[in-house]
Amino acid sequence: MVPKPVCAVLLLFPVTEKYESFRQEEEVKIKAQGQEVSPDVYFMKQTIGNACGTIGLIHAVSNNKGHLEFEPDSPLKKFLEESSKMSPDEKATFLEKDENIRVTHESSAQEGQSETPSIDDKVDLHFIAFVNVGGRLYELDGRKPFPIVHGKTSEDTFLEDAAEVCKNFMARDPQELHFTVIALSKA
């Protein structure tokens with residue numbers, strides 16, 4: 001049982017040809033049909049190689065500041081405050097230049113249980129975040145040009161709603177086994 005409320009869900013999934021084809025079709029469809037994205041959604045592009053986990057966590061945390069407490073001198077708090085009004089591309093550039101976040105990212109990556117890939121290595125797994133902003137379920141993927149709206153959600157149904165979208169990722173590649181879902185909730 002996952003403790004509620006869940007404030008964000010991170011999905012690690014394989015980047016396959018099927019996924020890439022779907023991603024391109026989805027982008028064309030959304031650009032043609034449009035979608036309404038709340039101005040309250042914090043979204044940034046990913047321009048740093050192999051930093052999708054960091055970007056996913058930034059998306060999860062930044063869209064849930066009301067549920068979290070930061071240390072007064074937190075580098076992440078400072079980064080989020082200073083970048084909040086920037087465009088997704090400006091946020092990415094700002095992250096590239098933020099020494100505190102870079103050092104934290106690198107030291108955390110080195111603490112993992114597996115060998116850390118080089119920033120330039122080709123990695124076929126990718127992290128994205130799902131968040132509830134204003135009662136709508138958003139998929140936040142720094143490789144995409146914009147957030148993806150997946151419909152209505154609530155604090156009570158968010159985990160189940162995000163799980164349904166995660167199942168769609170799995171259904172696209174039923175032969176793949178490399179999926180991991182992480183819920184961020186109160187301990």
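Residues numbered from 1 in each chain as written. Predicted model: local features only at pLDDT ≥ 70, side-chain atom pairs only at ≥ 80, totals over all residues. Heavy atoms only, no water.

Re the packing of aromatic side chains
In total, this model carries 5 aromatic pairs according to the counting rule given. Here the aromatic rings of phenylalanine 130 and phenylalanine 169 are separated by 6.3 Å at their centres, their planes lie at 85°, and the arrangement is edge-to-face. Remark: phenylalanine 169 occurs in helix H6 (residues 158–172) and phenylalanine 130 occurs in strand E2 (residues 125–133); sequence separation between them is 39 residues. Judged by its relative accessible area of 4%, phenylalanine 169 falls in the buried class. Pairwise contacts between aromatic rings join Phe13, Tyr19, Phe130 and Phe169 into one cluster. For arginine 172, the ring lying beneath its charged end belongs to phenylalanine 169, and the centroid distance is 4.6 Å. (Phe/Tyr/Trp six-rings, centres within 6.5 Å; stacked < 30°, edge-to-face > 60°. Helix = DSSP H or I, 4+ residues; strand = E, 2+ residues; numbered from the N terminus. Buried < 20%, exposed > 50% of the residue type's maximum accessible area, 1.4 Å probe, protein only. Lys NZ or Arg CZ within 6 Å of the ring centre and 35° of its normal.)

Observations concerning the packing of helix H3 (residues 75–83) against helix H4 (residues 88–97)
Taken N-terminus to C-terminus, the directions of H3 and H4 make an angle of 145°; their axes are 10 Å apart at the nearest point. Considering the relative orientation of H3 and H4, their crossing is right-handed. Touching Phe79, Glu82 and Ser83 of H3 are Lys91, Phe94 and Leu95, all from H4. The residue inventory of the contact of H3 with H4, partitioned by class, reads 3 nonpolar, 1 polar and 2 charged. (Axes fitted to C-alpha atoms, helices over the stretch in contact; angles between N-to-C directions. Left-handed = near helix turned anticlockwise from the far one by under 90°. Contact = heavy atoms within 4.5 Å. Nonpolar A, V, L, I, M, F, W, Y, C, P; charged D, E, K, R; others polar.)

Here we look at the nonpolar core
Ranked by internal contacts, the top residues of the largest apolar core, which has 15 residues, are Val9, Leu11, Phe13, Phe130, Phe158 and Phe169. When residues of this core are traced back to their parent elements, those giving at least two are strand E1 (6–14), E2 and H6. Looking at this core, the element that brings in the most residues is H6, giving 6 residues. Leaving out residues up to four positions away in the same chain, phenylalanine 13 has contacts with Tyr19, Asp124, Leu125, His126, Ile128, Phe169, His178 and Phe179. (Core = buried A, V, L, I, M, F, W, Y, C linked by side-chain atoms within 4.5 Å.)

Section: the layout of surface pockets
Here the second largest pocket is characterised by a volume of approximately 270 Å³. Every residue lining the second largest pocket is counted, 14 residues in all, and those nearest its centre are Pro39, Asp40, Val41, Tyr42 and Ser84. Split by residue class, the lining of the second largest pocket holds 7 nonpolar, 3 polar and 4 charged. (1 Å grid on protein atoms, 1.4 Å probe; cavity = no way out; pocket = protein on both sides within 12 Å on 5 of 7 lines; lining within 4 Å. Points joined across faces, edges and corners; volume = space filled by probe spheres on them.)

Observations concerning the side chain of glutamate 139
As for its placement among the helices and strands, glutamate 139 is situated in strand E3 (residues 136–140). Taking relative accessible area as the criterion, glutamate 139 reaches 1% and is therefore assigned buried. Within polar-contact distance, the side chain of glutamate 139 engages the side chain of lysine 144 at 2.6 Å. If near-sequence neighbours (up to four positions away) are discounted, glutamate 139 is found in contact with Ile128, Ala129, Phe130, Lys144, Pro147, Ile148, His150 and Phe169. (Polar contact = N/O pair within 3.5 Å; in protein donor to acceptor, adjacent residues only side chain to side chain.)

Points about the sheet that holds strand E5 (residues 180–185)
Pairing is antiparallel across the open sheet formed by 5 strands, whose spatial order is E4-E3-E2-E1-E5. Either end of the sheet is taken by a strand with one partner, and the two such strands are strand E4 (148–152) and E5. Geometrically, the sheet is characterised by an average inter-axis angle of 20° between neighbouring strands, direction not taken into account. The pairing of E3 with E4 spans 3 bridges and is antiparallel. The partner of tyrosine 138 across the bridge, within E4, is valine 149. Sheet strands in contact with H6 are E1, E2, E3, E4 and E5, and its direction is about 10° off that of E1. (Pairing = 2+ DSSP bridges.)

Section: empty space enclosed by the protein
With the rule as written, the count across this model stands at 1 cavity of 30 Å³ or more. For the largest cavity, the calculated volume is near 30 Å³. In this structure, the largest cavity is lined by Arg23, Glu26, Glu27, Lys144, Pro145, Phe146 and Ile148. Of the residues forming the lining of the largest cavity, the biggest block, 3 residues, is contributed by helix H1 (residues 17–33).

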